[in-house]
Amino acid sequence: MAHPLSANPKILIQIIRWTLLITPVAILVGSLNAFFLWILSTATATRVDNPWLIYLLPLAGIVIVYCYRNLGKNSEGGNNLIMDEIHQPGAGIPTRMGPLVLITTVITHLFGGSAGREGTAVQIGGATTHWLARLFKLNEADTRLILISGVAAGFGAVFGTPLTGAIFALEVLAIGRLRYDAIIPALFAAILADFVCSALGAHHTHYRIDFLQNITLFDHVLKVDLWLMVKIIIGSVAFGLAGYLFGELTHAFKDIFKATLKNPYVIVVTGGLIVIGLTQWIGNYDYIGLGVYSTREGGVSILSAFQEGGAEWYSWALKLLLTAITLAAGYKGGEVTPLFFVGATLGNTMAWLLGAPVDLFAALGFLAVFAAATNTPLACTIMGVELFGADHMLYFAIACYTAYYFSGHTGIYSSQRVAVPKLFDDEGAPKITHKLGELRETHSSLLKALVKKFSK
């Protein structure tokens, strides 16, 4: 048998080859995301200075639908299209998907839609890398790896979390399974893309947890507060259910719109009018746009949720509802930043209910609702370390994995596969190989059943 070290020269050659392939990918994706973050910030500032722009949201929706129906080819598939291409190459990812989703996401935010930015960054990464894969004439196996790297680069650059980007790109493809064949190119792509994005002036939000604990038992310092851990598990069940509700409500609204209104132009106009109506009923603009920073004194935002009294008990529900309607109606953008808002504000509320540290629970909700909705608990745990530091890493993991289990076999990505079921019986449940979208059709949730009854 050959000695394991005999393969080292081949491994070195492969690493050099992938470094050469990934470098232009990461530079392009990092540069495009820096431009995206800059123009998105400009659009948000313009909307804040001109609040009347929200009344043009239905017209903006018509433009978005027109662009996708007449210029988008199969770009409408978005992140799910990229996942399908990674699993089963062949359908192709149109290069136009990158600039198209960038432009339409900016339009959504300029006119007051409630959406995020992660989906846009990932699609920019996927479209760019698929174009380069065709340019380099890569085979199917290499195309799969470079697409995963593009997803990692897009995610890592837009949030300033390169390690999270690499793990997310591997973990999001299939529930319960990580394939490490792409970890080196994905990690390198995420690090370089984040470096390029930051070097070009992109700014990422800085979060902070001030809570520190000093628990002793029998004169020995303990790393874990058991009573606090019980509270975290209780809160994380709520975080998991919130992640479940977000995914199911978004899909339910899509089904209702298609069953009743049918025409995509009518759907997007109706969705825009509902968003306008709800915003006027709420009486402020805290729950549209990204929601990272507050646009008024005493307003609710992700950052304010880390402070006592920084969110209303119902803030998470309003953001969840407005985002589900915005995305279901056909407006563009990601889900992740709204999920951060939902999680942080729900964490603020759970801290009040359970008598727990507000900033810690806001951070746990921030991570765990995202983990529940995307089925990526490991990536979210790592994100906690990259954003908040490693002091509370154990609590991050407990929250993310608890929320992950309580979200069930659902999520925001219909093309995500189920490699290892979350629940099994004593005899061992059979493997589920369906996509989440297919499972939703064959194993109707309560919301799905209600939609079917409503649409008859």
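Fair warning: this is a prediction, and the values are worked out from it, not measured in the lab.

Section: the pattern of salt bridges
Item 1. A complete count under the given rule lists six salt bridges for this structure.
Item 2. Residues R17 and D142 are paired through a salt bridge, measuring 2.6 Å at the closest nitrogen-oxygen approach. Of this pair, R17 sits in helix α1 (residues 8-49) while D142 is found in helix α6 (residues 140-159), placing the two residues 125 residues apart along the sequence.
Item 3. Residue classification places D142 among the buried positions, given a relative accessible area of 12%.
Item 4. Among the ionic pairs, R296 bridges to D286, the shortest N-O distance being 2.7 Å. Here D286 lies in the loop between α10 (264-282) and α11 (315-329) and R296 lies in the loop between α10 and α11, a separation of 10 residues in the sequence.
Item 5. The class of R296 is partly exposed, set by a relative accessible area of 38%.

Focus on unusual backbone geometry
Item 1. In this structure, K137 is a non-glycine residue whose phi angle is positive, near 55°.
Item 2. What makes K137 exposed here is its relative accessible area of 72%.
Item 3. Non-glycine residue N375 carries a positive phi angle of around 60°.
Item 4. Considering the arrangement of structural elements, one finds N375 in the loop between α13 (358-374) and α14 (377-388).
Item 5. Residue N375 is classed as buried on the basis of its relative accessible area of 2%.

Topic: the packing of helix α2 (residues 57-71) against α10
Item 1. Running from N to C, α2 and α10 point in directions that differ by 150°, and their axes come no closer than 8 Å. It follows that α2 is roughly antiparallel to α10 by the angle criterion. Of the two elements, α2 crosses α10, and the hand of that crossing is right-handed. The residues of α10 that touch α2, namely those facing L57, P58, G61, I62, V65, Y66, R69 and N70, are P264, Y265, V268, V269, G272, L273, V275 and I276.
Item 2. Broken down by class, the residue content of the contact of α2 with α10 amounts to 12 nonpolar, three polar and one charged.

Points about the layout of surface pockets
Item 1. By volume, the largest pocket amounts to about 1100 Å³.
Item 2. Lining the largest pocket are 42 residues, and of these E76, K254, K258, L327 and K332 lie nearest its centre.
Item 3. Elements supplying a minimum of two residues to the lining of the largest pocket: α2, α3 (78-87), α5 (118-135), α9 (226-260), α10, α11 and α16 (436-442).
Item 4. No other element matches the eight residues that α9 contributes to the lining of the largest pocket.

Here we look at the nonpolar core
Taken as a class, soluble globular proteins show a tendency for nonpolar side chains to be buried jointly.
Item 1. Counting 134 residues, the largest nonpolar core has I302, F306, L364, F366, F370, M383 and F388 as its most contacted members.
Item 2. Here this core gets 14 residues from one element, more than from any other, and that element is α13.
Item 3. Counting five residues, the second-largest nonpolar core is a separate cluster that includes I175, Y404, L436 and L439.

Reading the values: rules and limits
- Residues numbered from 1 in each chain as written.
- Predicted model: local features only at pLDDT ≥ 70, side-chain atom pairs only at ≥ 80, totals over all residues.
- Heavy atoms only, no water.
- Salt bridge = Lys/Arg side-chain N within 4 Å of Asp/Glu carboxyl O.
- Helix = DSSP H or I, 4+ residues; strand = E, 2+ residues; numbered from the N terminus.
- Buried < 20%, exposed > 50% of the residue type's maximum accessible area, 1.4 Å probe, protein only.
- Axes fitted to C-alpha atoms, helices over the stretch in contact; angles between N-to-C directions.
- Parallel < 35°, antiparallel > 145°, perpendicular 65-115°, else oblique.
- Left-handed = near helix turned anticlockwise from the far one by under 90°.
- Contact = heavy atoms within 4.5 Å.
- Nonpolar A, V, L, I, M, F, W, Y, C, P; charged D, E, K, R; others polar.
- 1 Å grid on protein atoms, 1.4 Å probe; cavity = no way out; pocket = protein on both sides within 12 Å on 5 of 7 lines; lining within 4 Å.
- Points joined across faces, edges and corners; volume = space filled by probe spheres on them.
- Core = buried A, V, L, I, M, F, W, Y, C linked by side-chain atoms within 4.5 Å.

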